Amino acid sequence: MNTNPAETQVISVPDGQIRDYVDGTFRKDTAEEYVRQTIEKRLINEHKYKREQIKIEFGLKLGSRRRRARTDIVVFPEDSPEMTQDHVWLIVECKKESISHKNKKEGVDQLKSYMSVCPNCEWGMWTNGKYKEVLRKVKVEEKYEFQEYNDIPAADGSLEDVDRPKRNTLKKAYEDNLLMVFKTCHNHIYATDGMQKQSAFFELLKLIFCKTLDEQHVESPLEFYARSGERANQDGQLTVQKRISTIFGKVKQEFPQIFEANDEIKLKPRSLAWIVSELQPYSLLETHVDVKGKAYEELVGANLRGDRGEFFTPRNIMQMAVEMINPKPGEKVCDTSCGTGGFLVTAMSYIIEQLKREVTDDLEINELDWSDNHRRIVGDRIKQIVASDFYGFDINPDLVKATKMNMVMNNDGSGNIYRNDSLLPPHEWALELKQELADALQIQADSITNADSIEFFDVVVTNPPFGSKIRINDSHILEQFDIGHKWRKNGEVGWKMSDSLQASVPPEQLFIARCLQFLKPSGRLAIVLPDSILGNPGLGHIRQWLLEKTRIIASVDLHADTFQPRNGTQTSVLILQKKTQEEINEERYARQITSYNIFMAMVEKVGHDRRGNTLFERDKDGNEIWVSEENVSPVNYEDMGETNASIQTKRKTRVIDDQSRDVPRIFVKWKKEEGIRW
C-alpha cells in the first residue's frame, strides 16, 4: 500500500458510511450494503466487468402504472449504445442475511419481476450473503422461462466456463469472497442435509480436499465441477456424485493419515452438486494465502473451537510473530499447539517468499518472466521444504485434520502434523508417532526417550492453550520440567527450585519449558503468553528461570481486545533465544547473567474492537481515512456525497488501524543495531 504523503490522496469518510466500490458514492454502512460491496468486488475482480458497465441503485419502471423501483446492481453489455432499462443485461439483488430467498416481497420473485420488465435482461442473481440463486431468462416456445445456473458468466460471456471451468479460467478469490462461499456451503449442508455443525464442517472439508487435489493434478482436465443442467435434475446429481466420489477415492489414497479407507462423502446428491457448483469457479491453490487463511480459519474456529483454552491467534499477530522470529529456508519450524495451522502456514509462506526473492536476485529475472524450467526448479525446492521442514502437534484430532487441510491448500505440507499431547513424556509417545517423526527428521526412533532427547527444531512459534480451568496435575508430566517443581524465595538472590512437585500448573507455563526442550541450542521461540507470567510477583521463579536458560530478545505487549470477542486475557508475544549449555555454564561460573538490551513494544491498536468489528484509521475529526491503492487504473467519480466535488482519483481503500504491522519493521532495525544476525 502506498502511504507516502507526497503520493497519497486522502479522503475522509463520515462515520457510519462506506465508499461504494464501483461509483465512489458514500453509502450507509449496513448489513445489506456489506453484501452489495462484496458482489461489486466479485463483478470487477473475478468476473472482469468494467466499472463503466455497472450502475448502482438503477431505477426501473414497473408495469403501466408508472411504479418505479431501484435495483441494487445492473450491468450493461460493454458495447451497449445507451444505459437504459431496455439495455440492461444483468441484474443483481442483494439482501441482508435475515431475508430468505423465499420471501414473497424481497426474495427471488422480486428479481424475476425486475428481469421481466427489462426486455434484454438475460441474467439475474439474488443473494443474501449466505445463499444465492442465479437465473437465466430464456425464450421457450414464444414464452420466457427462468433457468437456474451455477453462476453468472464472466465479462466475456462464456457459458462453458460457468459449467466446467478450465484451469486458466479459475478465479482467485478476493477479500471476503471465499469466506462468504465457505459459509454459504457450510450453511447449506447444515440446513439441507440435517447434519450437526461439526459434521457439516467435515463434509465440506472432504470437498475442499477434492477441489485442491483436482487442481494439483495439472496433467488432466478439471473434474471437480457440476454443470447447471446436472445440478437441476436427479440423474445429473447422481452423475456429479459419481464424479466427485472418484476424486475422493484418490484423496483417500494420497492422504491415508487423514481419511480412512472406508470414508465416504455423506452428502445427498442434490446438496453435493450444489456445493460443488459453488466451489468450482475458484482456484484454491492460486488464491492468496491471507484470503484462504482468513476464510478457512474463521470457518474452523466457528465449528471446532474446544474448551481446552483454544483461542486461535488473529492473523495479524501470527504475521507479526513470524516476521520477528524470521524463519529461514532450511530451518525446521514447529508449532507445539498447532490448532488450525495458522502459524505454520504463515511461516511456510514467509519462507517460500524468501526462496522466490533469492531466485529472482540470483537470476536477475522478475518472477513473472521465469521460464518453465525455473518454475519447476523452484517448485521442487518448495515441495522439498514443505515436506521436511514444518512440524505441528495438537491434542485435538479434529484440529490435526483441519491443520493438514490448511497445509494442503498452501503447498501440500500436510505430512508432519501429528496428534499428540506435546506435554506428554517422550517415552510415552505412541510408537507409530515416534517412528513417523524419526523418519521425517532422519533420526532413530529409539533415540526419542526423554525431555533431553528432543532438541529437533530451529524455530518454534506457537500460542499454547492457557487458563486456570485446565491446570496440569499429572506428576508424570510435571516432573519433566523445572517449572513443574515448587520454588522458594532464596533470600536476596532470587528463587531456588525444590525437589517436590507443585500440585498443579497452568499449561502455558509448562509449554514454555517444552518449547525450549524442542529447540536446538541457539534456537528461537516466539510464543503468545498471558501477561501474568511476565508481571505476577508470585511467578518470579519463571522469569528467573527464563533469564538463566534463554536470552529474552523481545516482549510485545498486546491490546486487551486482541483475542476478543472470545477472550479478553491480556497477552504478550515473547521472543526468546535458547542459550547453549556452554553459555549457561559460563554465566553460572561468573555468578551473573550477561547484561543485554531487550526490545519492548506495546501494540495499542490491533485492527478490531472487543466485538470483533474491524477498526479503521481516522483523521483528527474522527472520520475514516481512505488512501489510494497502487497499480489501479484511474476512475472518474462525480458527486461525491457531502463533498459535492468532481475529482479524478485512484481506487480507495480504508486503512485498518493496526499497529502490529509496524512492529517487525522497527524490530529489524533494532536487531541490526544490537548485532543480532538472525
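Conventions we followed
- Residues numbered from 1 in each chain as written.
- Predicted model: local features only at pLDDT ≥ 70, side-chain atom pairs only at ≥ 80, totals over all residues.
- Heavy atoms only, no water.
- Helix = DSSP H or I, 4+ residues; strand = E, 2+ residues; numbered from the N terminus.
- Rg over C-alpha atoms; globule rule 2.2 N^0.38 Å.
- Buried < 20%, exposed > 50% of the residue type's maximum accessible area, 1.4 Å probe, protein only.
- Contact = heavy atoms within 4.5 Å.
- Areas by Shrake-Rupley, 256 points an atom, 1.4 Å probe, with all protein chains shown as cover.
- 1 Å grid on protein atoms, 1.4 Å probe; cavity = no way out; pocket = protein on both sides within 12 Å on 5 of 7 lines; lining within 4 Å.
- Points joined across faces, edges and corners; volume = space filled by probe spheres on them.
- Nonpolar A, V, L, I, M, F, W, Y, C, P; charged D, E, K, R; others polar.
- Phe/Tyr/Trp six-rings, centres within 6.5 Å; stacked < 30°, edge-to-face > 60°.
- Lys NZ or Arg CZ within 6 Å of the ring centre and 35° of its normal.
- Pairing = 2+ DSSP bridges.
- Axes fitted to C-alpha atoms, helices over the stretch in contact; angles between N-to-C directions.
- Polar contact = N/O pair within 3.5 Å; in protein donor to acceptor, adjacent residues only side chain to side chain.
- Expected span 1.5 Å × (residues − 1).
- Parallel < 35°, antiparallel > 145°, perpendicular 65-115°, else oblique.
- Left-handed = near helix turned anticlockwise from the far one by under 90°.

## Comments concerning the overall build of the chain
Phase 1 of the analysis: What the chain contains, in helices and strands, is 20 helices and 23 strands.
Phase 2 of the analysis: A compact globule built from 678 residues would reach a C-alpha radius of gyration of about 26 Å, and the chain, at 28 Å, matches this within 12%.
Phase 3 of the analysis: The dimensions of the chain, computed from C-alpha atoms along their principal axes, are 95 × 60 × 55 Å.
Phase 4 of the analysis: Within the chain, the fraction of its 678 residues that count as buried is 53%.
Phase 5 of the analysis: Of the contacts made within the chain by residues no fewer than 6 positions apart, 69% connect residues no fewer than 24 positions apart.
Phase 6 of the analysis: When the accessible surface of the chain is summed, it comes to about 32,300 Å², and 45% of that surface belongs to carbon and sulfur atoms.

## Here's the deal with empty space enclosed by the protein
Phase 1 of the analysis: The tally for this structure, following the rule as stated, stands at 1 cavity of 30 Å³ or more.
Phase 2 of the analysis: Of the volumes computed, that of the largest cavity is approximately 160 Å³.
Phase 3 of the analysis: Lining the largest cavity are 16 residues, with Arg42, Lys132, Met180, Val181 and Glu278 positioned closest to its centre.
Phase 4 of the analysis: Here the lining of the largest cavity gets 4 residues from one element, more than from any other, and that element is helix α4 (residues 177-192).
Phase 5 of the analysis: Each residue belonging to the lining of the largest cavity can be placed in one class, and the counts come to 6 nonpolar, 5 polar and 5 charged.

## Here's the deal with the packing of aromatic side chains
Phase 1 of the analysis: Considering all chains together, one arrives at 21 aromatic pairs under this definition.
Phase 2 of the analysis: Judged by centre distance (5.3 Å) and plane angle (50°), the rings of Tyr391 and Phe457 are tilted. Remark: Phe457 occurs in strand β13 (residues 457-462) and Tyr391 occurs in strand β11 (residues 390-394); sequence separation between them is 66 residues.
Phase 3 of the analysis: The class for Phe457 is buried, based on a relative accessible area of 0%.
Phase 4 of the analysis: Through a chain of ring-to-ring contacts, three or more aromatic side chains come together here, namely Tyr391, Phe393, Tyr418, Trp429, Phe456, Phe457 and Phe518.
Phase 5 of the analysis: Over the ring of Tyr144 we find Lys137; its NZ or CZ atom is 5.2 Å from the centre of that ring.

## Describing the sheet that holds strand β12 (residues 417-419)
The strands making up a sheet are joined through hydrogen bonds of the backbone, oriented either antiparallel or parallel.
Phase 1 of the analysis: Overall, mixed pairing links the 8 strands, which are arranged β12-β11-β10-β13-β16-β18-β17-β19 in an open sheet. This sheet does not close on itself; its edge strands, each paired only once, are β12 and β19 (599-603). Taken pair by pair, the neighbouring strands of this sheet meet at an average axis angle of 15°, ignoring direction.
Phase 2 of the analysis: For strand β10 (residues 333-335) and β11, the ladder comprises 3 bridges, and the chain directions are parallel. Each residue of the ladder has a partner; that of Cys334, found in β11, is Tyr391.

## Some remarks on the layout of surface pockets
To find leftover empty space, one rolls a probe the size of a water molecule over the atoms.
Phase 1 of the analysis: Empty space within the second largest pocket amounts to approximately 590 Å³.
Phase 2 of the analysis: The wall of the second largest pocket is formed by 23 residues, among which His101, Tyr131, His188, Arg270 and Trp274 lie closest to the centre.
Phase 3 of the analysis: Looking at the lining of the second largest pocket, the elements with two or more residues in it are β8 (132-140), α4, α6 (228-231) and α8 (269-279).
Phase 4 of the analysis: In terms of residues, the lining of the second largest pocket owes the most to one element, α4, which gives 5 residues.
Phase 5 of the analysis: Counted by class, the lining of the second largest pocket contains 5 nonpolar, 10 polar and 8 charged residues.

## Some remarks on the side chain of Thr462
Phase 1 of the analysis: Assignment of secondary structure puts Thr462 in strand β13.
Phase 2 of the analysis: On the accessibility criterion, Thr462 (0% relative accessible area) is buried.
Phase 3 of the analysis: One polar contact links Thr462 to Thr336, side chain to side chain, over a distance of 3.4 Å.
Phase 4 of the analysis: Not counting residues up to four positions away in its chain, the partners in contact with Thr462 are Asp335, Thr336, Ser337, Phe343, Cys515, Ala526, Ile527 and Val528.

## Comments concerning unusual backbone geometry
Phase 1 of the analysis: Geometrically, the link from Gln564 to Pro565 is a cis peptide bond, its omega value of 15° lying close to zero.
Phase 2 of the analysis: Mapped onto the elements, Pro565 comes out in the loop between β17 (550-558) and β18 (571-578).
Phase 3 of the analysis: Positive phi is not limited to glycine here, since Gln442 has a value of about 60°.
Phase 4 of the analysis: Take Gln442: it is sitting in the loop between α14 (431-441) and β13.
Phase 5 of the analysis: Residue classification places Gln442 among the exposed residues on the basis of a relative accessible area of 73%.

## A short note on the environment of Trp626
Phase 1 of the analysis: Structurally, Trp626 is set in strand β20 (residues 624-628).
Phase 2 of the analysis: Along the sequence, Trp626 and Ile11 sit 615 residues apart, while their C-alpha atoms lie 5.1 Å from each other.

## Examining the sheet that holds β8
Phase 1 of the analysis: One open sheet accounts for 6 strands, arranged β4-β5-β6-β7-β8-β9; its pairing is mixed. Of all strands in the sheet, those bounded by a partner on one side alone are β4 (54-62) and β9 (143-149). Ignoring which end each strand starts from, the neighbouring axes of this sheet average 35° apart.
Phase 2 of the analysis: Against the sheet, helix α1 (residues 31-46) touches β4, β5 (67-75), β6 (90-94), β7 (123-127) and β8, its axis set at about 45° to β5.

## A few points about helix α16 (residues 507-518)
Phase 1 of the analysis: Helix length check: α16 (12 residues) gives 16 Å between terminal C-alpha atoms against 16 Å at 1.5 Å per residue, within 8%.
Phase 2 of the analysis: Across the 12 residues of α16, 12 count as buried, placing the element largely inside the fold.
Phase 3 of the analysis: Those residues of α16 lying buried are Pro507, Glu508, Gln509, Leu510, Phe511, Ile512, Ala513, Arg514, Cys515, Leu516, Gln517 and Phe518.

## Focus: the packing of helix α7 (residues 234-254) against α8
Phase 1 of the analysis: Running from amino to carboxyl end, α7 crosses α8 at an angle of 70°, the nearest separation of the two axes being 8 Å. The angle between α7 and α8 falls in the class roughly perpendicular. In this structure, α7 meets α8 at a crossing whose hand is left-handed. Residues Gln237, Leu238, Val240, Gln241 and Ile244 of α7 form the contact with α8, whose participating residues are Pro269, Arg270, Leu272, Ala273 and Val276.
Phase 2 of the analysis: Here the contact of α7 with α8 is composed, by residue class, of 7 nonpolar, 2 polar and 1 charged.

No statement about biological role is implied by the geometric values presented.
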